[in-house]
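Spelled out from the first residue to the last, the chains are:
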Amino acid sequence: MSVVRPSSQLSRGVKRKRGGNNEDRTEEDDPAKPPPIVQNGLYVAEMFAAHIARQHVISFIVNNDYIYIWFCDRETTIQGAAINFVQDLPRWLVLLFIMQRMGYEQWGLNRVFEPEPGFSGKVMVEDAQIDLDLDVKSKERVTHFGIRGRATTVFPVKSEALSDRQRDACFLNDSPELVAKLYWPEETRQSEPDILKEVYKIAQRDPDVRGHVPELVWFHKFEETSTSKIRVALGLKDAERAEQGSRVLYIIVFRKLIPITTLSGEEFIAAWWQVVKCKFFPFSCSSSFIHYSIGHRALWKGGVLHRDVSPSNLMVYRLRGQFIGVLNDYDLSSFKRDGPRGLERTGTVPFMAVELLSPDAMAGKVEHMYAHDAESLIWVLTWVCLRYEGGHLLSKNRPLEEWLKVDARTCGNEKAGFVLTGIRSVRPSGPHAESWDLVQKCFDGIHSIYLPSGYCKLSDESAFQLLLEGPMLEHESRRRTYS
């Protein structure tokens, strides 16, 4: 529970560390306080981030004699009517007595994954009789900071029950380590396990796809956590449309993968290209990239649209001394035959195609095409070359940093400017210098489809050849010439 007062003296003198490059700034240094609603949102986000799988947070905003109760969950925020705790003191006291007697779960905490605050250790998912040893204090844990949305949290996990399961021979990643993914997808969207079933069918039909998709070990849907329940109870939704926009908690356990951002130079380009199109080839300075097989493009042809290409979704694993590229994270994917469901915009803004960041696209009026995902793959290539060095994110002076802080429309304008002139003013980090000619050739293709008259729509095959295959062939030819 958090309480916010609309006063500039709310946190005066209280030091709170900030992220980024201003770790030592304090509240005293800030010239202006954010509005109370913004402060409340920040406190709620902190409380969500502090507890894995937390279902909701209850907070208060006090304005003079009035207090507003806010109920925040992963779907949206519900604000109660104001209570005047001076004139309506009896009702306020009754509410306090009720809240005093509220249990652990009623405050939104999840007893399955966090039997007590700060817990890290073994739990049992009783419905499935699966033991999980959660390492939520791991440095590798990835935590979402925000209120509504999928709120994905990933951390290492061990399980005797899952380790004893027989593995499918089509998966080539032999890592014994597992990771757990907790997240809140929309209930009306195709679930990630359903999407992966279709992906695995494609892998069974075509051996070239094998090894380039994540291995789902186990999953569980917690039906009781649906955010629709409180809205139906309050009369905010009727039973027929209860699931529209609502979210529910899932846990998925995967075989552990390595972020592609840890690679540099030829190893990085090789893994990136495998995700784009290729299966496997021996890589050396004298070998050819263009050993055609199938990756993201094959899934598109098979009717699976990924829709969220970003650096965090491109992964690798080691196989016989080589890095094998994997396209990961299908929780925003859809089937071409069905189209997307749900209300959630699909994509991570800094890596979305410029056309998909337009107002019409944000309103759902632009069809998602293969060219958009191809452009996203190029933005990922560019992002890693500019912002990573030796497998690590640059500690300062990171190019394109502002794209993480602006809204979709502003980011679209920034990216359009980058396509026209911005790319000439930046330079890659040292280990990625040899990849930069490929980036520039890819951007020649992007530049050619954004015309003064509008966006030039391409067939899937034309988009692949113009944006990806052609630049890669030129890059490989140049590399062989100078090797």
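See above for the structure.
Residues numbered from 1 in each chain as written. Predicted model: local features only at pLDDT ≥ 70, side-chain atom pairs only at ≥ 80, totals over all residues. Heavy atoms only, no water.

Draft legend 1. Summary view of empty space enclosed by the protein. Under the definition given, this model contains four cavities of 30 Å³ or more. Here the largest cavity defines a volume of roughly 90 Å³. Around the largest cavity, the lining comprises 14 residues; the ones closest to its centre are His 51, Ala 53, Arg 74, Ala 151 and Thr 153. In this structure, the second largest cavity spans a volume of roughly 60 Å³. Its residues assigned to classes, the lining of the second largest cavity shows six nonpolar, two polar and two charged. (1 Å grid on protein atoms, 1.4 Å probe; cavity = no way out; pocket = protein on both sides within 12 Å on 5 of 7 lines; lining within 4 Å. Points joined across faces, edges and corners; volume = space filled by probe spheres on them. Nonpolar A, V, L, I, M, F, W, Y, C, P; charged D, E, K, R; others polar.)

Draft legend 2. Representation of the packing of helix H9 (residues 370–387) against helix H10 (residues 408–420). At a closest axis distance of 14 Å, the pairing of H9 and H10 adopts a crossing angle of 80°. As far as their axial angle goes, H10 and H9 are roughly perpendicular. Along the contact surface, H9 presents Trp 379, Thr 382 and Leu 386, while H10 presents Lys 415, Phe 418 and Val 419. Among the residues forming the contact of H9 with H10, the class breakdown is four nonpolar, one polar and one charged. (Axes fitted to C-alpha atoms, helices over the stretch in contact; angles between N-to-C directions. Helix = DSSP H or I, 4+ residues; strand = E, 2+ residues; numbered from the N terminus. Parallel < 35°, antiparallel > 145°, perpendicular 65-115°, else oblique. Contact = heavy atoms within 4.5 Å.)

Draft legend 3. A nonpolar patch on the surface, seen in detail. Residues Leu 89, Leu 93, Leu 96 and Phe 97 make up a contiguous nonpolar surface patch of about 350 Å² in total accessible area. Within the secondary structure, Leu 93 sits in helix H2 (residues 89–100). (Patch = residues over 30% accessible without salt bridge, like charges linked within 9 Å, V, L, I, M, F, W, Y side chains within 5 Å. Areas by Shrake-Rupley, 256 points an atom, 1.4 Å probe, with all protein chains shown as cover. Salt bridge = Lys/Arg side-chain N within 4 Å of Asp/Glu carboxyl O.)

Draft legend 4. How the structure looks around the nonpolar core. By size, the foremost hydrophobic cluster in this structure holds 81 residues, and its most contacted members are Trp 272 and Leu 468. A total of 12 residues in this core trace back to one element, the largest contributor, which is H9. Residue contacts for Trp 272: discarding those within four places in its chain leaves Ile 260, Leu 314, Leu 377, Leu 381, Leu 438 and Leu 468. Among the nonpolar cores identified, the runner-up in size contains 23 residues, and Ala 151, Val 217, Phe 222 and Ile 251 belong to it. (Core = buried A, V, L, I, M, F, W, Y, C linked by side-chain atoms within 4.5 Å. Buried < 20%, exposed > 50% of the residue type's maximum accessible area, 1.4 Å probe, protein only.)

Draft legend 5. The arrangement of the sheet that holds strand E9 (residues 178–183) in detail. The six strands are arranged E6-E7-E8-E9-E11-E10 in an open sheet whose pairing can be described as antiparallel. Bordering the open sheet on either side are strand E6 (122–125) and strand E10 (216–222), each of which pairs with just one other strand. Geometrically, the sheet is characterised by an average inter-axis angle of 35° between neighbouring strands, direction not taken into account. Relative to E9, strand E8 (residues 153–158) is paired through five bridges, and the arrangement is antiparallel. Across the sheet, residue Phe 155 finds its bridge partner in E9, namely Ala 180. (Pairing = 2+ DSSP bridges.)

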